[in-house]
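Coordinate analysis (summary)
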Amino acid sequence: FQHMMTTVTEKIDRIPSLTNPMLADPTFLPWISSWVNFALDESLPLHQQRELVRRSIRLHRTRGTRAGIEEMIRVLTSAPIVVTERLRPPAAVLGAMTLSGGRTIEERYLRGEPPAHFIVNPERSAGTFFVLTLEDRAAFRARFGERAGSVLRRITQIVTREKPAHVSFTVQFGEPAAA
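Residues numbered from 1 in each chain as written. Predicted model: local features only at pLDDT ≥ 70, side-chain atom pairs only at ≥ 80, totals over all residues. Heavy atoms only, no water.

Assigned secondary structure in the protein consists of nine helices and three strands. Looking at the protein as a whole, 34% of its 179 residues qualify as buried. Here the analysis covers contacts within the protein between residues at least 6 apart in sequence; of these, 63% occur between residues at least 24 apart. With the model as given, the accessible surface of the protein reaches about 11500 Å², and the carbon-plus-sulfur share is 58%. (Helix = DSSP H or I, 4+ residues; strand = E, 2+ residues; numbered from the N terminus. Buried < 20%, exposed > 50% of the residue type's maximum accessible area, 1.4 Å probe, protein only. Contact = heavy atoms within 4.5 Å. Areas by Shrake-Rupley, 256 points an atom, 1.4 Å probe, with all protein chains shown as cover.)

Rendered as structure tokens:
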């Protein structure tokens, strides 16, 4: 009887480690995330899956907000960003605008294009825009190396998925630090 009771007690004592996303077996992570209705991307590295499950309730609570977007990008890409809400993108002015070219965001990044200008509807509320500012281009390239283009694409995918549907955003690089 003592042996059976000890085995049962040991299993009961292990329950917290089964439900802790940082300690649980990787096969349990989708099950734990399903408790809070969080869709876990199992193609991510294990450390990112654990971190997402650990923060899933807070990420759900802040989804679509400035803080939620910033946190999701930090967890998934480790890129330092700042989201500025209610900042309209630069308006297109004939003769003073930059035409963006390239099929993908990686191509535009590799060409070193300046931020694009947009046709802005003056009747549209200022609350329907935000700007996502990354570190300066040289620091971004130094941080991510050859992966910089794919990280930039990943950032735009995350923001597109997390932002409210009626809100537009632009991505820009910050100014280089003064030497």
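Back to the write-up after that little detour.
Here the focus is the sheet that holds strand β1 (residues 81–85). Whether parallel or antiparallel, the strands of a sheet pair through hydrogen bonds between backbone atoms. Strand order across the open sheet formed by three strands is β1-β2-β3, with mixed pairing between neighbours. Pairing within the sheet leaves two strands with one partner each, and these edge strands are β1 and β3 (168–173). Across the sheet, the mean angle separating the axes of adjacent strands is 20° when strand polarity is ignored. As paired elements, strand β2 (residues 129–134) and β3 share six bridges and run parallel to each other. Bridge pairing in β3 links V131 to T170. Here helix α6 (residues 66–77) sits on the sheet in contact with β1 and β2, set at roughly 160° to β1. Those strands touched by helix α9 (residues 148–162) are β2 and β3, and its axis lies near 155° from that of β3. (Pairing = 2+ DSSP bridges. Axes fitted to C-alpha atoms, helices over the stretch in contact; angles between N-to-C directions.)

Relative to the elements of secondary structure, D136 occurs in the loop between β2 and α8 (137–144). Of the side chains with opposite charge, R141 lies nearest to the buried D136, which makes no salt bridge, at 8.1 Å. Polar contacts involving the side chain of D136 include one to the main-chain amide nitrogen of A138, which spans 3.2 Å. In this structure, D136 is in contact with F173, G174, E175, P176 and A177, ignoring residues within four places of it in sequence. (Lys, Arg positive; Asp, Glu negative; His and termini not counted. Salt bridge = Lys/Arg side-chain N within 4 Å of Asp/Glu carboxyl O. Polar contact = N/O pair within 3.5 Å; in protein donor to acceptor, adjacent residues only side chain to side chain.)

Let's shift gears to a nonpolar patch on the surface. A grouping of V8, I12, I15, L18, F28, W31 and W35 is seen on the molecular surface, where their side chains present a nonpolar patch of about 670 Å² in accessible area. Of all the elements in the fold, those that place two or more residues in the nonpolar patch are α1 (2–13), α2 (15–19) and α3 (29–35). Mapped onto the fold, V8 is located in helix α1. (Patch = residues over 30% accessible without salt bridge, like charges linked within 9 Å, V, L, I, M, F, W, Y side chains within 5 Å.)

Turning next to α6. If you check α6, its first and last C-alpha atoms are 16 Å apart, about what 12 residues at 1.5 Å a residue would give, namely 16 Å. Of all 12 residues that make up α6, nine are buried, and the element is covered over most of its length. The set of residues buried in α6 consists of G68, I69, E70, E71, M72, I73, V75, L76 and T77. Next to the buried residues of α6 lie α4 (46–54), α5 (56–61), β1, β2, α8 and α9. Following α6 by one or two positions, S78 has its phi on the positive side, about 60°. (Expected span 1.5 Å × (residues − 1).)

Moving on: the pattern of salt bridges. In the structure shown here, the tally under the stated rule is eight salt bridges. Linking E135 and R143 is a salt bridge whose minimum nitrogen-to-oxygen distance equals 2.8 Å. Looking at R143, the relative accessible area reads 44%, which means it is partly exposed. Residues joined by salt bridges that share partners form a network here, namely E51, R54, R55, R58 and E71.

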